[in-house]
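Examination of the molecular architecture
Here are the chains, one letter per residue:
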Amino acid sequence: MKRALKPAEAAEMIPEGAVLLIGGFMGVGSPHRLIDALVARGVGGFTVVANDTARPGKDIGKLIDARLVAKCIVSHIGLNPETQRQMIAGDLEVELVPQGTLVERIRAGGVGLGGVLTATGLGTVVAEGKPTVEVDGKTYLLEKPIRGDFALIGARQCDYVGNLEYTLTAHNFNPVMAMAADTVIAEPHHVMPVGMIPPDAVKTPGVLVDHILERLI
Amino acid sequence: MKRALKPAEAAEMIPEGAVLLIGGFMGVGSPHRLIDALVARGVGGFTVVANDTARPGKDIGKLIDARLVAKCIVSHIGLNPETQRQMIAGDLEVELVPQGTLVERIRAGGVGLGGVLTATGLGTVVAEGKPTVEVDGKTYLLEKPIRGDFALIGARQCDYVGNLEYTLTAHNFNPVMAMAADTVIAEPHHVMPVGMIPPDAVKTPGVLVDHILERLI
Amino acid sequence: MDAKEVIARRVAQEVREGMLVNLGIGLPSMVANFVPDDMHVFFQAENGVIGLGQRPPDGMEDRDLTDAGGGFVTAVPGAASIDSAMSFGLIRGGHLDMTVLGGLQVDEKGHLANWMVPGKMVPGMGGAMDLVSGARRVIVAMVHAAKGDPKIVPECTLPLTALRRVSLIVTEMAVIEPTDEGLALRERGPGVAVDDILAATAARLIVPDEVPEMVLA
Amino acid sequence: MDAKEVIARRVAQEVREGMLVNLGIGLPSMVANFVPDDMHVFFQAENGVIGLGQRPPDGMEDRDLTDAGGGFVTAVPGAASIDSAMSFGLIRGGHLDMTVLGGLQVDEKGHLANWMVPGKMVPGMGGAMDLVSGARRVIVAMVHAAKGDPKIVPECTLPLTALRRVSLIVTEMAVIEPTDEGLALRERGPGVAVDDILAATAARLIVPDEVPEMVLA
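Residues numbered from 1 in each chain as written. Chains lettered and ligands numbered in written order. Predicted model: local features only at pLDDT ≥ 70, side-chain atom pairs only at ≥ 80, totals over all residues. Heavy atoms only, no water.

**Remarks on the pairing of strand S8 (residues 137-141) of chain C**
Residue and element names in this part refer to chain C. Selection criterion: Each residue's exposure class comes from its accessible area (1.4 Å probe, protein chains only) as a fraction of the maximum for that residue type: buried when under 20%, exposed when over 50%, partly exposed otherwise. Each helix is a run of DSSP H or I of at least 4 residues and each strand a run of E of at least 2, with the numbering of both proceeding from the N terminus. By this definition, two strands are paired if DSSP reports at least two bridges between them.
Within S8, four of the five residues are buried, which leaves it mostly tucked inside the rest of the structure. Sheet topology places strand S5 (residues 98-101) next to S8; four bridges connect them, and they run parallel. Across the sheet, residue Met98 finds its bridge partner in S8, namely Arg137.

**Remarks on unusual backbone geometry**
One non-glycine residue, Arg67 of chain A, lies in positive phi territory at about 55°. If you trace the backbone, Arg67 of chain A turns up in the loop between helix H3 (60-65) and strand S4 (69-74). By relative accessible area, which is 48% here, Arg67 of chain A ends up partly exposed. One non-glycine residue, Lys147 of chain C, adopts positive backbone phi at about 50°. Structurally, the position occupied by Lys147 of chain C is in the loop between strand S9 (145-146) and strand S10 (149-150).

**As for the interface of chain C and chain A**
Quick note on the threshold: Residues are treated as being in contact if the distance between any of their heavy atoms lies within 4.5 Å. The term buried area denotes the loss of accessible surface (1.4 Å probe radius) that occurs when two parts are joined, taken as the sum for both partners. Salt bridges are defined by distance alone: a side-chain nitrogen of Lys or Arg within 4 Å of a carboxyl oxygen of Asp or Glu. In protein, a polar contact requires one atom able to donate a hydrogen and another able to accept it; more generally it is a pair of N or O atoms within 3.5 Å, and residues adjacent in sequence count only if both atoms are side-chain atoms.
On the chain A side, the residues contacting the 34 residues of chain C number 41 residues. Of all residues in chain C, the largest losses of buried area upon contact with chain A belong to Asp64, Ser84 and Arg92 of chain C, amounting jointly to 19% of the total for that side. Our count for the chain C to chain A interface comes out at two salt bridges. Counting across the interface, chain C meets chain A through 14 residue pairs in polar contact (both at pLDDT 80 or more). For the side of chain C that touches chain A, the leading source of residues is helix H2 (residues 84-92) of chain C, giving four residues.

**Regarding the interface of chain A and chain B**
Applicable threshold: By the convention adopted, Pro, Cys, Tyr, Trp, Phe, Met, Ile, Leu, Val and Ala count as nonpolar, Lys, Arg, Asp and Glu as charged, and the other residues, Gly among them, as polar.
Each side of the interface is counted separately: chain A has 21 residues, and chain B has 21 residues. Summed over both sides, the interface between chain A and chain B buries roughly 1,800 Å², with carbon and sulfur atoms accounting for 54% of that surface. On the chain A side of the interface with chain B, the three residues burying the most area are Gly114, Leu117 and Asp200 of chain A, jointly 30% of the side's total. Run the count over chain A and chain B and you get four salt bridges. A salt bridge links Glu104 of chain A to Arg107 of chain B, with the shortest nitrogen-to-oxygen separation between them at 2.6 Å. Here chain A is connected to chain B by twelve residue pairs in polar contact (both at pLDDT 80 or more). Among the elements that take part in the side of chain A that touches chain B, strand S6 (residues 116-118) of chain A stands out by supplying three residues, more than any other. Taken together, the residues that form the side of chain A that touches chain B break down as ten nonpolar, five polar and six charged.

**Side note on the relation of the copies chain A and chain B**
The test is simple: Only residues with pLDDT of at least 70 in both copies contribute their C-alpha atoms to the least-squares superposition of the copies.
Expressed as a screw transformation, the operator carrying chain A onto chain B has a rotation angle of 180° and an axial translation of 0.0 Å, and the superposed copies differ by an RMSD of 0.0 Å. With respect to symmetry, the two chain copies, as superposed, fit the operation of a two-fold axis. Relative to the rotation axis, the C-alpha of Ala201 of chain A is the closest in chain A, positioned 3.3 Å from it. Both copies contact each other with a shared surface, as 100% of the interface residues of chain A are interface residues in chain B too.

Right under this line is the structure:
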């Protein structure tokens, strides 16, 4: 059984320069209160691994605005001109990764595989400098696993042992990221007693979750 | 929307020598009526990919007893002496694969990855004859994807479009196998109208399922 | 009928009963409006839902149910939530029957460039590279030329999205199919002459004796 | 107290609050009986549940809730269903705090052989290779010798389960820890003399001046 943390307490755990896996897709399913707490704290230099950087002033975009991000590994920054501006100015390093490759690289990090063999990116700039592996006459890119120091997970609800449920398009990268970091902090909308979430509804088992944020309202 | 098939109709679709991915773990979560229908039909020469061959007279063991299996790719045959007997007599080819490697090989086949890079099996007989790949100074076995002509899936319930729900320890290989075959036949205990299974409860989307067996009772 | 509607209506004719279809944001997303109401098709939003529906009524939006552009959507009965690993497993694994994407350039080999303009626009590839590599059919839906500059060119000068040859190019002026021999002109736009198409196209086109006009019901 | 109970009681002392633990079938599964009731531990059955419970009451068994041996079990409040991909993702990804497995041989390098006897017994490795490769701690629970034949040997003659050095060997006669220098004798069984241990062990043991006796509450 876990103790509910206040967002500021959780943010305090995260040191300067940490590698953060942050769930969400254009902010949907992102851990919003954790992001706000990180901005309020002001410690940065983070490497952020996420699908995208959302929009200026929104979601992960707030971390960009606050210049707390030194590097991001993302699939898309098209809707965040501030990310592009900092990148072009040389203030922010951006590694663009195809979305399907990004999620498999994080999964590989989480489930202990040595890498990902994918055809995605072959013959494009994504393949530059990367080894290829031939399997039965077909060529694949070897993409490396990604792990984080912390995973910051948005969830619909959890129970006291940390079992997580997600909903609709707010799943996205969260279940995979919850497997791939040394410390996993979950931000649920609702917290419920043990036994309220049926075993078949659990998408992230509580044994993967280190800390839970207090309920939303 | 799909039409409910009788088990014999489903069995008729499966030609001699087909590669069958069959869900279940010691029979739990296996498609029992499909197996019975295959035994009744008597066409064989199958390659069976499954966690195990259950016990004689039970579940996948019935296919072994009926000598419908020419080859099996499994992680465990310890509880089925008949499988071991046919193997030693040279009547049945058995490829033993570590369980975690087996499920990832099937997943790779289903999600379009070129193979699996795992440390499991390194330095053991499992590694014999297989290439290794080095990633950041660590060595991994390269294990190849597995796909089937048919996946025979046991599920707790489904709706008319084929969305599947599994329960408790009857999930096992089913969700992964449902992605990795040209034709997927699901055997649910219960069939319900569209809309009865909430989107978040669906573990195998109906778009993956080609055919549904009629309800159990 | 404006150019975009011509394109969307013509692409909609490629959709078949029972398909799983991914529509890119912008113009491609308009295709859904022209698929017959009685045709059962599942639209996938790669951010996490199979069975994407129309916009929700005002005040009924759920912030956890959006399309890949972050806009509010609904889901149809029989919809399924998927996480990013499943989403791209479907795409990469060949389970997606069709994807419709915008294009910046397509060349004589049928190669698509649609994700960046070096020095000008670096949005990131998002899911585009996986979609083009993995979908069974890739349809490029785009206006024929950009302010007079041909977009169908001998060889892409912009960074490629994938080495895979796209299945079909649909513009307001023409339907063009990349083949082993090159780009074959299949149809003319409404009221468009073959010479107009040739004038607006930098790539070599294979022009048959008869080029039928699009039939837009 | 018979040999098996001594082993199970001693192994139970290695279990800590909050751990995720996998117990092999047979002797290792007895360990659960000796973990204090007030200690919160999650037992994983690799076939698909986190939060394995005791045997169900007669007539209350669910055929879809079994352990890895196929025996009926229950699940504790807060349990989670997992499919085989997640199960071995937890194991291979280093999320499993401890596994307890039986052994046929362990050698001076701490290498375990526990899955086959060539020409005699070929049950398959099941999940053993993944468990030994991936778990944070690997504890071998076995009787010290098989009908007088030492099982702790200079070098395994049976096929290895993994190259990974196991964390601890617990028998009814001794607790032995494989180290860089070799097998270190840590504890004596109840009433067992060091000379008895040396006589029953074929491998070289590092024996300190004082070897405390196991304290079995």
